[in-house]
Amino acid sequence: MAYSEKVIDHYTNPRNIGTLDKASAQVGTGLVGAPECGDVMRLQIQVGENGIIEEAKFKTFGCGSAIASSSLATEWLKGKTIDQALEIDNMEIVEELALPPVKIHCSVLAEDAIKAAINDYRVKNGLEPLELEKSHH
Amino acid sequence: MIKLPIYLDNNSTTKCDPRVFAEMTPFFLEDFGNAASKSHAFGWKAEEAVDYAREQIAKIIGANSKEIIITSGATESNNLALKGVFEMYAAKGNHFITVSTEHKAILDACKHLEKLGAEVTYLPVGEDGMIQVSQIKEAIKPNTVLVSVMYANNELGVIQPVREIGALCKEHGVLFHTDATQAVGKIPVDVLADHIDLLSFTAHKMYGPKGVGALYVRRKNPRVKVTAQMDGGGHERGMRSGTLNVTGIVGFGKACEIAMQEMEAEGARLRILRDKLENALLQMEEAYLNGHKEHRLPHTTNISFKYVEGEGLMMGIKDVAVSSGSACTSASLEPSYVLKNLGLDDELAHSSIRFGLSRFTTEEEIDFTIKCVTDAVNKLREMSPLWEMFKEGIDLKSIEWSEH
Ligand SMILES: Cc1ncc(COP(=O)(O)O)c(C=O)c1O
Ligand code: FES
């Protein structure tokens, strides 16, 4: 199966690889997937005073599509409010990266990682974690 | 200058040797007869070519040409061996013994036979991928008819103690089949010395064409028979009907002839190259060899690069064609059952890459591959959250991973 050009681009030049300070109250960290499943994504957001995501970083253990999905997610997150970030749907990632059906779960993982990061941020700031509908794996 | 991409997936299939191809071509265009046509020169020529090729095919495993049943490949040979023995020897018993790391053509044929009333014992292997002869000895029962153990494993290259297993089976009056697809043409195989009753192999793993293989069926001490699984014109002594694939058989014969002449020197050369590749890659931190280090084919190595996922890695080394035990490369999303059977953590199975060298592999290609893989592993580890945790001394087993 050939990879789309966009997947190759994100894989070759991943955006926003890195680590933010997990201990900071401004930072939300989402760690999803499992090593046994062959995919683990860690996505972090840093939220400014104005409620806007000013920084996003990721590290991913997984296939090219998983790496590309998380790289794209960090690009999309920057400059969004939390509410806007919550609206990111995995199918938009699928479309943007032209992922084939067997790679849809890689995008689901990215969506899960976004939600997990937001929840971590909410809990740190005294808010209730959001009820996340268990996504379709 | 080396030509990219480099092909290092030779346990999957090999390039047809140009000498094999040259031998085959006349049989497409000029001598295209049916080897079963007895009434004209076209048929005679084809028959003559098939007879000659059959000699070559027999010789490489130390057999007689009358003991060679031509098939469409090792999948069919394995099916014919297992299903054919099950039917032919039903009166003697219904118990089969095999190994959990066999090729799917064996395991799925066994599953099929279980539905028809066979009792199958699947023996586990050790963490080096080896089966112990004592395990087989303990598993043999009065109703055991067949033991099937592969000669060399397709994912690891691990070579099983076939000769000892053959001797054991002979002693117990049990038939012994081996799937020698990965071994024939790469290492010496001798059906007499190894006490083999049935043996499967295929042309396309040894620089021959795809779609042709053979099943060796012993004719003396004991005389072995299998029930045909393909009915028709009664070709191949009634055990496998169907017009013979003359071009394929001619190519298979030539491939065997070349392998017999060149195997020893080629094996020695490939072992040096393989060891160079393997040693260089194993110098990386957290890189592990899968399978027994000594009892192994000379041209194969299987390595896990911990904290890097196999498919992601293959994408990073797109100029080198290899394969991975990672689930992400399989339709089932399950990592390699062979690696899991070694007791490897799923995580390591996901991180594995198999390199298979060939007659056509050069040292320049190996040097390029070493650099390419090392760079890609380093780059992906920089991106890997697991690598970061490992470096921070966090035990990955202590983390509660989200269910998937
Ligand atoms: C060990 C083993 N057995 C059987 C087969 C199947 O061979 P064929 O492709 O000729 O059917 C293969 C190759 O995929 C193999 O490696
Ligand atoms: S992470 Fe396994 S298919 Fe993408």
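Caption draft 1: Representation of the environment of Phe176(B) within the structure. By the element assignment, Phe176(B) lies in strand 6 (residues 175–179). Discounting chain neighbours no more than four positions away, the residues touching Phe176(B) are Leu146(B), Val147(B), Val149(B), Val162(B), Ile165(B), Gly166(B), Cys169(B), Asp194(B), His195(B), Ile196(B), Asp197(B) and Leu198(B).

Caption draft 2: Highlighting the pattern of salt bridges. Considering all chains together, one arrives at 33 salt bridges over all chains under this definition. For Lys124(A), the salt bridge is made with Asp120(A), and the minimal N-O distance between the two is 3.7 Å. On the criterion of helical spacing, the pair formed by Lys124(A) and Asp120(A) is a turn pair, its members being 4 residues apart in helix 5 (residues 104–124). Of the charged contacts, one joins Arg359(B) and Glu266(B) as a salt bridge, the two residues approaching to 2.8 Å between their closest N and O atoms. Of the two residues, Arg359(B) is situated in the loop between strand 13 (352–356) and helix 12 (363–383) and Glu266(B) in helix 8 (residues 246–282); the sequence distance between them amounts to 93 residues. Glu266(B) matches Arg359(B) in its accessibility class, with the two residues each being buried.

Caption draft 3: Representation of the site of ligand 1 in the model. Residues and elements named next belong to chain B. In the neighbourhood of ligand 1, 13 residues make up the surrounding shell, with Thr75, Asp179, Gln182, Thr202 and Lys205 lying closest. Between an oxygen atom of ligand 1 and a side-chain N or O atom of Thr75, the distance comes to 2.5 Å. Within the side chain of Lys205, a nitrogen or oxygen atom sits 2.8 Å from an oxygen atom of ligand 1. Burial of ligand 1 by the surrounding chains reaches 85%, relative to a free accessible area of 390 Å². The dominant element in the shell around ligand 1, judged by the number of residues it contributes, is helix 4 (residues 74–88), at 3 residues. Broken down by class, the residue content of the shell around ligand 1 amounts to 2 nonpolar, 9 polar and 2 charged.

Caption draft 4: Seen up close, the packing of helix 4 of chain B against helix 5 (residues 104–115) of chain B. Residue and element names in this part refer to chain B. The interhelical angle for the contact between helix 4 and helix 5, taken along N-to-C directions, is 30 degrees, at an axis separation of 9 Å. Relative to helix 5, the element helix 4 lies roughly parallel. For the element pair helix 4 and helix 5, the recorded crossing hand is right-handed. In this structure, helix 4 contributes Thr75, Asn78, Asn79, Leu82, Lys83 and Phe86 to the contact, and helix 5 contributes Ala105, Ile106, Ala109, Cys110, His112 and Leu113. Split by residue class, the contact of helix 4 with helix 5 holds 7 nonpolar, 4 polar and 1 charged.

Caption draft 5: Looking closely at the interface of chain B and chain A. Listed by partner, the interface residues are 28 residues for chain B and 31 residues for chain A. Summed over both sides, the interface between chain B and chain A buries roughly 2700 Å², with carbon and sulfur atoms accounting for 64% of that surface. Inspection of the chain B/chain A interface yields 3 salt bridges. Measuring nitrogen to oxygen at the nearest pair gives 2.7 Å for the salt bridge that ties Glu311(B) to Lys103(A). Counting residues per element, the side of chain B that touches chain A draws most heavily on helix 9 (residues 310–316) of chain B, at 5 residues. In terms of residue class, the side of chain B that touches chain A is made up of 13 nonpolar, 7 polar and 8 charged.

Caption draft 6: The sheet that holds strand 3 (residues 53–61) of chain A, seen in detail. Residue and element names in this part refer to chain A. Strand order in this open sheet of 3 strands is 1-2-3, and the pairing throughout is antiparallel. The strands lining the two open edges of the sheet, one partner per strand, are strand 1 (27–34) and strand 3. Mean inter-strand twist for the sheet, computed between neighbouring axes without regard to direction, equals 10 degrees.

Caption draft 7: Layout of the packing of helix 4 (residues 90–97) of chain A against helix 5 of chain A. Residues and elements named next belong to chain A. Close contact between helix 4 and helix 5 brings their axes to 8 Å; oriented N to C, the two are set at 130 degrees. One way to sum up the angle between helix 4 and helix 5 is to call them oblique. As helix 4 runs across helix 5, the sense of the crossing is right-handed. Contacts from Asn90, Ile93 and Val94 in helix 4 reach Ile104, Ser107, Val108, Ala110 and Glu111 in helix 5. By residue class, the composition of the contact of helix 4 with helix 5 is 5 nonpolar, 2 polar and 1 charged.

What counts as what
Residues numbered from 1 in each chain as written. Chains lettered and ligands numbered in written order. Predicted model: local features only at pLDDT ≥ 70, side-chain atom pairs only at ≥ 80, totals over all residues. Heavy atoms only, no water. Helix = DSSP H or I, 4+ residues; strand = E, 2+ residues; numbered from the N terminus. Contact = heavy atoms within 4.5 Å. Salt bridge = Lys/Arg side-chain N within 4 Å of Asp/Glu carboxyl O. Buried < 20%, exposed > 50% of the residue type's maximum accessible area, 1.4 Å probe, protein only. Near = heavy atom within 4 Å. Polar contact = N/O pair within 3.5 Å; in protein donor to acceptor, adjacent residues only side chain to side chain. Areas by Shrake-Rupley, 256 points an atom, 1.4 Å probe, with all protein chains shown as cover. Nonpolar A, V, L, I, M, F, W, Y, C, P; charged D, E, K, R; others polar. Axes fitted to C-alpha atoms, helices over the stretch in contact; angles between N-to-C directions. Parallel < 35°, antiparallel > 145°, perpendicular 65-115°, else oblique. Left-handed = near helix turned anticlockwise from the far one by under 90°. Buried area = accessible area lost by both parts, 1.4 Å probe. Pairing = 2+ DSSP bridges.

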